[in-house]
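# Descriptive structure summary
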Amino acid sequence: LDRLNDGGKFSPSIPMVCATRQLTHDGGKCDRNILWMDGMHVCPETMTARYGASIACLLGCVYNGESEKNDDSIRECEKECNDQFMSVMPADEAWISSHTTMASFSG
């Protein structure tokens, strides 16, 4: 992997943290993207809501509804949650504008 030459113990991967491949002359700096701070930790301003929504969605796959669930239906639901919330694609407007809420209730 191409890594930034930033002098740190764990140099981040250029494709993961840089918005462009244009680096400073010494290869130590770039224009950072909005997803990863250092190649290991996501930027909370841009990703925290997606993580929360994905966890709520995944919990809903198992606990929402009263019907018995089988492994295939749970896996399909998990895939839909991951495709919707854990990609870098924009969230589907229908999830936002319909005021859809996801919650899990025991009982």
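See the structure printed just above.
All figures in this text were calculated on a predicted structure; none of them were measured in a lab. (Residues numbered from 1 in each chain as written. Predicted model: local features only at pLDDT ≥ 70, side-chain atom pairs only at ≥ 80, totals over all residues. Heavy atoms only, no water.)

Take the state of the cysteines next. All told, the structure shown has 3 disulfides when counted by the stated rule. Each sulfur in the disulfide pair Cys-18 and Cys-30 lies 2.0 Å from the other. Its S-S torsion of approximately -85° makes the covalent link between Cys-18 and Cys-30 left-handed. Of this pair, Cys-18 sits in strand S1 (residues 18–23) while Cys-30 sits in strand S2 (residues 30–32); the two residues are 12 residues apart in sequence, bridging distant segments of the chain. Cys-30 shares its class with Cys-18; the two are buried. A sulfur-sulfur separation of 2.0 Å characterises the disulfide bridge that pairs Cys-57 with Cys-81. What sets the handedness of the Cys-57 and Cys-81 disulfide is the S-S torsion sign, and at about -75° it is left-handed. (Disulfide = S-S within 2.5 Å. Helix = DSSP H or I, 4+ residues; strand = E, 2+ residues; numbered from the N terminus. Buried < 20%, exposed > 50% of the residue type's maximum accessible area, 1.4 Å probe, protein only.)

Before going further, it helps to examine the environment of Asp-2. In this structure, Asp-2 sits in the segment before helix H1 (14–17). Using a relative accessible area of 41% as the deciding quantity, one classes Asp-2 as partly exposed. In sequence terms Asp-2 and Pro-12 are 10 residues apart; their C-alpha atoms lie 8.6 Å from each other. Non-local contacts of Asp-2, meaning those with residues more than four positions away in its chain, are made with Pro-12, Ser-13, Ile-14, Pro-15 and Arg-21. (Contact = heavy atoms within 4.5 Å.)

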